[in-house]
Amino acid sequence: MQRSPCINVCFQPLTRMRWLSLFLIPLSTIRQTTAFTFVRQSSPFKSTFPSNAETSTCLSSASTANNLQSLAQDLNDALAGCQADLTRTCHVRVAAIDNADGIAYRLGMVATRDLKAGETVLQMPFDERFMLTADVARKYVLSPTLHASDSSTNFDEYTGWTGDAGLIALQLLQELARASGVYDSASINKHLPVRDASLQAFMNRWVMALPTTRELSKHHPLLWPEEDQEILQSSSTNKIYRRLDDLEEDFGWLAENIFVKHRKQYPEAVVAANGETMDCFNLKGFKWALANTLSRTVFVDGALRLLPIFDFFNHHDEDGKEVELGYMGAFKTMKGAQVAVPVRCRAGEQVFCSYGPKSAAEYLLEHGFCSKQALKTAVAEVTLELDPDDRFYDDKLDILEFETYDQAPMDPVQKFDLISAPGRDGDPDPAMIQFVRLCKLGGADAFLLESIFRKEAWDFMALPVSEANELQVINAVTAVCQAALDEFDTCSEGGPEICTKIRQLERKALSGTMEYLLREKEALDLKEYYQQRRLKDLGLDSPWTPEDDPDIGYGQTRAPGSADYDW
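The structure contained in this document is the topic of the report that follows.

Rules behind the numbers
- Residues numbered from 1 in each chain as written.
- Predicted model: local features only at pLDDT ≥ 70, side-chain atom pairs only at ≥ 80, totals over all residues.
- Heavy atoms only, no water.
- Helix = DSSP H or I, 4+ residues; strand = E, 2+ residues; numbered from the N terminus.
- Buried < 20%, exposed > 50% of the residue type's maximum accessible area, 1.4 Å probe, protein only.
- Contact = heavy atoms within 4.5 Å.
- Areas by Shrake-Rupley, 256 points an atom, 1.4 Å probe, with all protein chains shown as cover.
- Pairing = 2+ DSSP bridges.
- Polar contact = N/O pair within 3.5 Å; in protein donor to acceptor, adjacent residues only side chain to side chain.
- Phe/Tyr/Trp six-rings, centres within 6.5 Å; stacked < 30°, edge-to-face > 60°.
- Salt bridge = Lys/Arg side-chain N within 4 Å of Asp/Glu carboxyl O.
- Axes fitted to C-alpha atoms, helices over the stretch in contact; angles between N-to-C directions.
- Parallel < 35°, antiparallel > 145°, perpendicular 65-115°, else oblique.
- Nonpolar A, V, L, I, M, F, W, Y, C, P; charged D, E, K, R; others polar.

1. As for the overall build of the protein
Within the protein, the secondary structure is distributed over 17 helices and 16 strands. Considering the protein as a whole, with its 567 residues, one finds that 53% of them fall into the buried category. Look at the contacts in the protein between residues 6 or more apart in sequence, and 77% of them connect residues 24 or more apart. Surface exposure of the protein reaches about 26100 Å², of which carbon and sulfur atoms provide 50%.

Okay, structure coming up:
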C-alpha cells in the first residue's frame, strides 16, 4: 500500500468524531507510513499498569494467584522441553509475582540461581520459527502463495500505517489461531513456520499466557473506554486518536482485501484450549494483538521483534538493562538478543529489564503505565511541516530528500520533542530549528536555494540565516506550542489521574520552550547571520586600509622608458 506523509497539526479536538471532521481532505492524503513509529526505542512488554507502577504486568480480578501460578508453571514446563532450541543462556524462569510496595504484578522473571552484576541471564538466537517480526509476518501471514488469486496485490511490500507493530500483531493473531487448533489443514500448515511438537507446545503456552483483553482494557489506552480516550486526546501532544485511526484504517483494508476472502486462514474468533471463545482476526482481536505487541516488543539489530520469554521481563528504572544484540554459539557468529543484570541478584528474586528512555506519554501509549523516571522529565511532541504551497517547495523538498543526512532523507513532515529537564532551560532541539529555517526560507534569502548552494544549503540552516527568517522560525514554533496549550485548556475534568500528570508535564515543556523563544526574539539584533559570517570568511567584514596588505601595488611603479627589454 502506498502511503503519503502524515499531516497532524490540529490541536483543537474535543471528541474523536469532531477531530476527524476538521479535516476536509481524504485521510489517504494526510497519513504517514511511520505514523506508528515505535522503533526509535526498545520496549519489551509485559502487561500494563497504572501510572505509579514501575513494572508492567497487572493482576486483574479475572486472574487469580492460582491461575497465574498455573500459567507460569505450564510455560516453564513447555520451555524445558525445547530450551535447547529456544535459548543459549537461561538463568531465569517465569513466575507469578506477589504485589509489593503498592505495585500490582502479574507475571515476571525470577533468577534460578545467584547472579553477579553484569552477568547475562538470557540469550535467544534470532530464529523465524519462534521470533515475531515484520519480515516473518509478511512471509507467513501475508504470503503471496496463500493469496495467489490476489495477483493485483503485492503482499511482500505491504506496509500499514501501524508500521512493523501492526504486522507483528497479525503474526500474534496467527499464533493464537494456531494454538487453538484452527490450522489442521495440510494446505494451511505448509505455509506456517515449521516446528517440532515441543516447540509448538511452548508457543501455544506462551500465547495463552499473554494478558487478555479484559486485563489490558484497565490499563492500555488502546482499550480504554471512549470517555477516557477523549481525556487523553486533550491531555497530550502525542495523540491517541491518531493511533486509533491508524489501527482501524489498517484493519479495514486488511479485512476487505484479505480476511473476508480467506476466512479459513483468518478466523474471526477461535475457541481456546480452556473452552473460552477469543476474538481473533476481527477489530477487537487486532486491538488486543496490537496492544500486546506495542508493550512487549524490543528493538534489536535494526528491527522490532517480539521474542517469547523476553517479553515477561518487568521494567525497573535502576535495576534493569535494555535488551541488546548479542553473539552466541561456539564461534560467536550467531546473532540474537540478550539481557544482563546491572546489580547482584539472588536466586528467587525478580530480574528486571529496562524499556529504555521514553517520555511519559510514550510509556503510557505503548506500555499502559508511566515509570517514575519518565515522570521526572517533561516532554511534549510537536509536528512541523513544509508548506506544500510554498513557492520553493520543490527545491526545499529536494534538499530534504538528498542533501540532509546520509542514507536517512527527511520527510516534509517532522515530529520533534520539546524537553524541560534539569540542565535544559527550554532550549529546543537544534535539528528542529534547522528544519524550520529551511521551511521558512524565502524572500531575499531564497538565493541559498540556487543549485550552486544545493550541497551546502542544509548546513547553512544550522546557523541563523537572516533576522527576518529567524523571526519567522520563532513565530512558527511559538504558534504550534500555543495551539497545544490552548487545547489543554479545553480538556474536561476528571478522567484517569495519569492524564492529568501528563498534561502538567507537557504544559511545562511547551511553556519552557515558549519562554526560551521569547528571550531569543528579544535578542535577534545580537545574532550573527549568514551575510555577516560570509563577509568574515572573505575578510571583508571591516574597512580596508593599505596597511592591511602592504604587498598590493597600485598604478605604475617604474618611470616611463626605464624597462630593460631587448626588442
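2. Considerations on the sheet that holds strand β8 (residues 298-300)
Taken in spatial order, the three strands make up an open sheet running β5-β9-β8, and their pairing is antiparallel. Each edge of the open sheet carries a strand with a single partner, namely β5 (132-133) and β8. Where β5 and strand β9 (residues 303-306) come together, two bridges link them in antiparallel fashion. Within β9, the position partnered with threonine 133 by the bridge is arginine 305.

3. Quick word on the sheet that holds strand β4 (residues 120-125)
Taken in spatial order, the four strands of this open sheet run β1-β4-β13-β12, and their pairing is antiparallel. Every interior strand has two partners, whereas the edge strands, β1 (89-90) and β12 (324-328), have only one. The sheet contact formed by β12 and strand β13 (residues 334-340) spans five bridges and is antiparallel. Paired with glutamate 324 across the strands is glutamine 338, a residue of β13.

4. With respect to the environment of arginine 242
Note that arginine 242 resides in helix α9 (residues 240-259). Residue arginine 242 is classed as buried on the basis of its relative accessible area, which comes to 4%. At 3.5 Å, the side chain of arginine 242 forms a polar contact with the side chain of glutamate 381.

5. Focus on the packing of aromatic side chains
Tallied over the entire structure, the rule returns 13 aromatic pairs. Consider the rings of phenylalanine 310 and phenylalanine 313, whose centres lie 6.2 Å apart with planes at 50°: the pair is tilted. When the centroid spacing of 5.9 Å and the interplanar angle of 80° are considered together, the rings of phenylalanine 447 and phenylalanine 453 count as edge-to-face. Under the relative-accessibility criterion, phenylalanine 447 is labelled partly exposed at 32%.

6. Focus on the pairing of strand β14 (residues 350-353)
Side-chain alternation along β14 places Gln350 and Phe352 on one buried face and Val351 and Cys353 on a second face that is also buried. The sheet contact formed by strand β3 (residues 107-111) and β14 spans two bridges and is antiparallel. Bridge assignment links methionine 109 to a residue of β14, and that residue is valine 351. Of the pairings in the sheet, the one linking strand β10 (residues 314-315) to β14 comprises two bridges and is parallel in character. Looking across to β14, one finds that asparagine 314 is bridged to phenylalanine 352. Relative to β14, strand β11 (residues 320-321) is paired through two bridges, and the arrangement is parallel. Bridge pairing links lysine 321 to cysteine 353 in β14.

7. Thoughts on the pattern of salt bridges
In total, this model carries 23 salt bridges according to the counting rule given. For glutamate 175, the salt bridge goes to arginine 195, with nearest N and O atoms at 2.5 Å. Of the two residues, glutamate 175 sits in helix α4 (residues 163-179) while arginine 195 sits in the loop between α5 (186-189) and α6 (197-208), which places them 20 residues apart along the sequence. For the pair formed by glutamate 175 and arginine 195, the shared burial category is buried. As a salt-bridge pair, aspartate 398 and arginine 454 come within 2.7 Å of each other at their nearest N and O atoms. Here aspartate 398, found in helix α12 (residues 393-402), pairs with arginine 454, found in the loop between α13 (430-439) and α14 (457-460); they are 56 residues apart in sequence, far enough to count as distant. One connected set of salt bridges, linked through shared partners, spans Arg437, Glu470, Glu520 and Lys527.

8. Points about the packing of helix α10 (residues 283-296) against helix α11 (residues 360-367)
The contact between α10 and α11 brings their axes to 7 Å, and the two run at 135°. The angle between the axes of α10 and α11 places the two elements in the oblique class. Contacts between α10 and α11 involve Ala291, Leu294 and Ser295 from the former and Leu365, Glu366 and His367 from the latter. Looking at side-chain class alone, the contact of α10 with α11 contains three nonpolar, two polar and one charged residues.

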